[in-house]
Amino acid sequence: MESQMDFHTAKALLEWQIELGATEAICDAPIDRYQAPAPKPARVAVAPVAPARVAPVSVDPVAVARAAAAGATSLEALRDAIEGFDLCDLKKGARSLVFADGRPEARVMVIGEAPGADEDRLGRPFVGRAGQLLDKMLAAIDLGRDQADARQAVYITNVLPWRPPQNRDPLPEEVAMMLPFVEKHIELVAPEVLVLMGNHSCQALLGRRGITRLRGHWIEALGRPALPMFHPAYLLRNPQAKREAWHDLLMLQHKLRQG
Ligand code: URA
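Residues numbered from 1 in each chain as written. Predicted model: local features only at pLDDT ≥ 70, side-chain atom pairs only at ≥ 80, totals over all residues. Heavy atoms only, no water.

**Q** Tell me about the overall build of the protein, residues and numbers included.
**A** Helices and strands together make up the secondary structure of the protein, namely 11 helices and six strands. Counting over 259 residues, the protein shows a buried share of 39%. Looking at the protein as shown, the accessible area adds up to about 16100 Å², and 54% of this sits on carbon and sulfur atoms. (Helix = DSSP H or I, 4+ residues; strand = E, 2+ residues; numbered from the N terminus. Buried < 20%, exposed > 50% of the residue type's maximum accessible area, 1.4 Å probe, protein only. Areas by Shrake-Rupley, 256 points an atom, 1.4 Å probe, with all protein chains shown as cover.)

Pasting the structure below:
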């Protein structure tokens, strides 16, 4: 821009501005900031915020069962713990919790598979046809669930406390989640010997099945002597197997006489 001022006027003006504190010459012409349009606010790019993902809470039923069973210090507390366990779907379809029968002071603890229709109705294990046969088998060696003498009494429970629909086989996950309760049940009753009735009981407590080969041999389960036997329901369907069952009952009697 061509200056309209003479040299001396321009020099005097410059000196006066320096005196006022100006240190830099930026533009050729001054800018009237009061007239200039207000600067547009700078646009700040904001990244879109993804909706927070909530991880589904996964519950491990076996861990929950273990914790619940571990806290039970009596049979009543164990029963309450099972009653309060809601992660096994069998509970929804069952009428009763079938916990146990017989005398907790018994030397023999019988572990069956699961309640059937009669047990579900009455809330006691082995009260249907298979149960009546079991009572007869035990009576043949002077044992019974109602024996006044604790030395001749038995205590009876099942791997599963609720009836599976249509008496179907227990599912492995059902057995896995109820096993901590069965183990605690055995610990609290502390029997001298266990009798494992049928394949499902053997699978749960020995991790093995094949009752035809397992029966008739003492084996260790949870640190206790255990005798696998044919399930009474199997004996009702296969009466010829009663011969082996009788042999196993005599083995049980012999063991108890030794103790
Ligand atoms: N069969 C079982 O295994 N348990 C019962 O309680 C009844 C039948």
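**Q** Break down the packing of helix H3 (residues 75–83) against helix H7 (residues 172–189) for me, citing the residues and quoting the values.
**A** At their nearest, the axes of H3 and H7 sit 10 Å apart, and the two run at 170° to each other. Judged by the angle between their axes, H3 and H7 are roughly antiparallel. Counted together, Leu-75, Leu-78, Ala-81 and Ile-82 of H3 and Met-178, Phe-181, Lys-184, His-185, Leu-188 and Val-189 of H7 form the full contact between these two elements. (Axes fitted to C-alpha atoms, helices over the stretch in contact; angles between N-to-C directions. Parallel < 35°, antiparallel > 145°, perpendicular 65-115°, else oblique. Contact = heavy atoms within 4.5 Å.)

**Q** Before we move on, could you go through the pattern of salt bridges and cite the residues and values that matter?
**A** Between side chains of opposite charge, pairing is possible as soon as their charged atoms come close. One pass over the full model with this rule turns up 11 salt bridges. The salt bridge involving Lys-92 is made with Asp-89; its shortest N-O contact spans 2.8 Å. Using a relative accessible area of 68% as the deciding quantity, one classes Lys-92 as exposed. Note on Asp-89: relative accessible area 53%, which makes it exposed. Arg-145 is paired through a salt bridge with Asp-135; the nearest N and O atoms lie 3.1 Å apart. Note that Arg-145 is positioned in the loop between helix H6 (129–139) and strand S3 (154–158) and Asp-135 in helix H6, a separation of 10 residues in sequence. Using a relative accessible area of 5% as the deciding quantity, one classes Arg-145 as buried. (Salt bridge = Lys/Arg side-chain N within 4 Å of Asp/Glu carboxyl O.)

**Q** Help me get a handle on the pairing of strand S6 (residues 224–229), residues and values and all.
**A** Where strand S4 (residues 193–197) lies against S6, four bridges are found, and the strand directions are parallel. Bridge pairing in S6 links Met-197 to Met-229. Sheet analysis places strand S5 (residues 219–221) next to S6, joined by three bridges and oriented antiparallel. Bridging from a neighbouring strand, Glu-220 pairs with Pro-225 of S6. (Pairing = 2+ DSSP bridges.)

**Q** Now, about the side chain of Arg-145: what can you tell me, with residues and values included?
**A** Only 3.0 Å separates the side chain of Arg-145 from the side chain of Asp-101, close enough to count as a polar contact. Engagement of the side chain of Arg-145 in a polar contact is seen with the backbone oxygen of Phe-126, the distance being 2.5 Å. Arg-145 has contacts with Asp-101, Gly-102, Arg-103, Arg-124, Pro-125, Phe-126, Val-127, Gly-131, Asp-135, Val-154 and Ile-156, leaving out every residue within four places of it along the chain. (Polar contact = N/O pair within 3.5 Å; in protein donor to acceptor, adjacent residues only side chain to side chain.)

**Q** Explain the site of the ligand to me, using residue names and the numbers behind them.
**A** Every residue near the ligand is listed here: Gly-112, Glu-113, Ala-114, Pro-115, Glu-119, Pro-125, Phe-126, Asn-158 and His-231. Between Glu-113 and the ligand, the recorded distance is 2.7 Å, taken from a backbone N or O atom to an oxygen atom. Phe-126 is positioned with one of its backbone polar atoms (N or O) 2.9 Å from an oxygen atom of the ligand. Relative to its free-state accessible area of 230 Å², the ligand is covered by the protein chains to the extent of 91%. Of all the cavities here, the one that holds the ligand is the second largest pocket. Residues that form the shell around the ligand fall into these classes: four nonpolar, three polar and two charged. (Near = heavy atom within 4 Å. 1 Å grid on protein atoms, 1.4 Å probe; cavity = no way out; pocket = protein on both sides within 12 Å on 5 of 7 lines; lining within 4 Å. Sits in = over half its atoms within 2 Å of the grid points. Nonpolar A, V, L, I, M, F, W, Y, C, P; charged D, E, K, R; others polar.)

**Q** Pulling in residues and values, what's your account of unusual backbone geometry?
**A** Phi is positive for Phe-126, which is not a glycine, with a value near 50°. Here Phe-126 shows up in the loop between helix H5 (117–122) and H6. Despite not being glycine, Asp-142 has its phi angle at roughly 60°, a positive value. If you trace the backbone, Asp-142 turns up in the loop between H6 and S3. Among the residues examined, Asp-142 registers a relative accessible area of 44% and is labelled partly exposed.

**Q** Tell me about a nonpolar patch on the surface, and name the residues and values.
**A** Nonpolar side chains collect at one region of the surface, where Val-57, Val-59, Val-64 and Leu-87 lie side by side and expose about 350 Å² of accessible area between them. Along the chain, Val-57 falls in the loop between helix H1 (7–20) and helix H2 (61–70). Take Val-57: its relative accessible area is 74%, and that puts it in the exposed class. (Patch = residues over 30% accessible without salt bridge, like charges linked within 9 Å, V, L, I, M, F, W, Y side chains within 5 Å.)

**Q** Could you give me a rundown of H6, with the residues and numbers involved?
**A** Buried within H6 we find Ala-130, Gly-131, Leu-133, Leu-134, Met-137 and Leu-138. The arc enclosing the buried residues of H6, seen along the axis, measures out at 160°, which places them on a common side. Of the exposed residues in H6, those oriented more than 90 degrees away from the buried face are Arg-129 and Lys-136. Its buried side turned inward, H6 meets strand S2 (108–112), S3, S4, S6, helix H10 (232–237) and helix H11 (242–258). (Arc of directions from axis to C-beta.)

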